[in-house]
Amino acid sequence: MLPQWTLERKRDGQELDSGEIRDFVLSYTRGEIPDYQMSALAMAIYFQGMSPRETADLTLAMMESGSVIDPGRIAGRKVDKHSTGGIGDKVSIPLAPLVAACGATVPMISGRGLGITGGTLDKLESIPGYRTGLGEEEFIRTLERCGCSMIGQTAEIAPADRKLYALRDVTATVPSIPLIVSSILSKKLAEGIDALVLDVKCGSGAFMKSLADARALARTLVDTGRAMGRKISAVITGMEQPLGRAVGNALEIREALDILAGEGPEDVRTLVLALADRMLALAGVGPVDAETKLHDGSALETFRRMVACHGGDPDAPLPRSRRQIPFPAERAGFVSRADAEAIGRACLLLGAGRCRTDDAIDPAVGLSDLKKIGEPVERDEPLCVVHSNGHEDWDLVARLISGAFGIGDGPVDPPPLILEQFEPGEG
Ligand code: URA
């Protein structure tokens, strides 16, 4: 079948056959179908959508465009977590060693930040020496020794997604549920896992701004993963305000270390423990009281071992910015808003994120000591501390931070952290 016949069929709202989807994806990966035809298919999918069967076929074809780690090569119950991305979301960093300390194996392939949302790989690389680019053999060895390993997508894993994601980024076809689902699951299911928990973020600092969109994405992720024979569940969590009190790469590693030491911000700890419970239950490990592993030092010890296996120095000081500038509140009251999107933009301008995929990031900069919605604040008390190396447009950063915060006269309830949960098979 000629590629343009597939394009015509999808353009006109017909359902594509399994073989047709597979041929298109594999030919595109080999360079036999050019970017312009793949772009046209992505746009047709954006407008026409895909049936659950087509979405599963697309995911399978993208996963099989590269190497798939044989689950038999990794010992134990293998479970992972994926977040759709948010501001201050450092959850994976304490979660993977915590779940490993509880007895499961966590092979985690993470991404970099793009735009205002941070990426686990960039955060880990602020640890001196930490290598995120392990090959398959070293990844498997690290899993055997530490129970967890956190790496980046290798050239071999889901190459169709690598090519297609770059194309979607420049053809306005990123926000399409079948394309997001196949992109996420093709990479995650190539890790050789038995089970996966998805954290679908919802709110101003997330990809999905409305609960209806977050629900549709969560449901399609769960249904597609299930159709592909994996145990999978999802939670929808709030992203109206940043998670925790720090945004920025090394700043978030410090906060993750606090969580591993049984301390740190309440919202991060609550989410880490909720996700750990779900991962352990899905993987069939337990019952285990994950919280005890934060207090007895075993999760922290697992993290330190993993850092060392990745070539990092767990005792080396983290990068620190030249200046730390408290940002004062203009009036007293209660924090009514701490807009995640504006705070993410301020951090991007400070140098914590990238505007283009090949930009360098500054690991030391960002915001810490962020006030949370509902907290009281005095006039001139800091709403946050800005960590700067002096490369930003300060007026713009200051405008973003001051516009991000609202201060009201009366007490305000903090927004809910966990909005909804989706189990396999739930409608
Ligand atoms: N994350 C991915 O890996 N792919 C998408 O399409 C969106 C978020």
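Residues numbered from 1 in each chain as written. Predicted model: local features only at pLDDT ≥ 70, side-chain atom pairs only at ≥ 80, totals over all residues. Heavy atoms only, no water.

*Asks:* Describe in detail the pattern of salt bridges, supporting the description with residues and values.
*Replies:* Overall, the coordinates contain 30 salt bridges when judged by the stated rule. Across the salt bridge formed by D194 and K78, the nearest N and O atoms sit 3.8 Å from each other. Of this pair, D194 sits in the loop between α9 (177-188) and β4 (195-202) while K78 sits in the loop between α4 (52-63) and β1 (79-83); the two residues are 116 residues apart in sequence, bridging distant segments of the chain. Judged by its relative accessible area of 32%, D194 falls in the partly exposed class. Ionic pairing is found between E255 and K90, a salt bridge with its closest N-O pair at 2.6 Å. Note that E255 is positioned in helix α11 (residues 249-260) and K90 in the loop between β1 and α5 (92-101), a separation of 165 residues in sequence. Look at K90 and you get buried, because its relative accessible area is 1%. (Salt bridge = Lys/Arg side-chain N within 4 Å of Asp/Glu carboxyl O. Helix = DSSP H or I, 4+ residues; strand = E, 2+ residues; numbered from the N terminus. Buried < 20%, exposed > 50% of the residue type's maximum accessible area, 1.4 Å probe, protein only.)

*Asks:* Kindly report on the packing of α4 against α9, identifying the contributing residues and their values.
*Replies:* Remark: α4 packs on α9, axes separated minimally by 8 Å, with the N-to-C direction vectors making an angle of 40 degrees. Taken together, the axes of α4 and α9 lie oblique to each other. Here the hand of the crossing between α4 and α9 comes out right-handed. Contacts from T55, L58, T59, M62 and M63 in α4 reach P178, L179, V181, S182, S183, L185 and S186 in α9. When grouped by side-chain class, the residues that make up the contact of α4 with α9 number seven nonpolar, five polar and no charged. (Axes fitted to C-alpha atoms, helices over the stretch in contact; angles between N-to-C directions. Parallel < 35°, antiparallel > 145°, perpendicular 65-115°, else oblique. Left-handed = near helix turned anticlockwise from the far one by under 90°. Contact = heavy atoms within 4.5 Å. Nonpolar A, V, L, I, M, F, W, Y, C, P; charged D, E, K, R; others polar.)

*Asks:* Explain the state of the cysteines residue by residue, including any values.
*Replies:* For the coordinates displayed, the defined rule picks out zero disulfides. You can see C309 has no disulfide; the closest cysteine sulfur is in C146, sitting 3.3 Å from it. Overall, C309 belongs to the buried group, its relative accessible area being 14%. (Disulfide = S-S within 2.5 Å.)

*Asks:* Can you lay out the sheet that holds strand β12 (residues 418-422) for me, pointing to particular residues and giving the numbers?
*Replies:* Overall, mixed pairing links the four strands, which are arranged β1-β4-β5-β12 in an open sheet. Strands at the two margins of the open sheet, each flanked by one partner only, are β1 and β12. Strand-to-strand twist of the sheet, defined as the mean angle between neighbouring strand axes without regard to direction, takes the value 15 degrees. Note that strand β5 (residues 231-238) and β12 share four bridges and pair antiparallel. (Pairing = 2+ DSSP bridges.)

*Asks:* Explain the domain arrangement of the chain residue by residue, including any values.
*Replies:* Domain annotation for the chain reports domain 1 (3-49), domain 2 (71-316) and domain 3 (323-408). For domain 2 versus domain 3, the distance between C-alpha centres works out to 25 Å. Counting from both sides, the interface comprises 25 residues of domain 2 and, opposite them, 28 residues of domain 3. Both sides of the domain 2 and domain 3 interface together cover about 1,900 Å² of buried area, and 56% of this is carbon and sulfur. The largest share of the area that domain 2 buries against domain 3 comes from I116, Q241 and R245, three residues that together contribute 32% of it. Taken together, the connections running from domain 2 to domain 3 amount to three salt bridges. The residue R245 makes a salt bridge to E375 at a minimum N-O spacing of 2.4 Å. Summed over the shared surface of domain 2 and domain 3, the number is 14 residue pairs in polar contact (both at pLDDT 80 or more). Element by element, the count of residues in the side of domain 2 that touches domain 3 is highest for α11, at three residues. Class assignment of the residues belonging to the side of domain 2 that touches domain 3 gives a composition of 10 nonpolar, nine polar and six charged. (Domains from an automatic or database assignment. Buried area = accessible area lost by both parts, 1.4 Å probe. Polar contact = N/O pair within 3.5 Å; in protein donor to acceptor, adjacent residues only side chain to side chain.)

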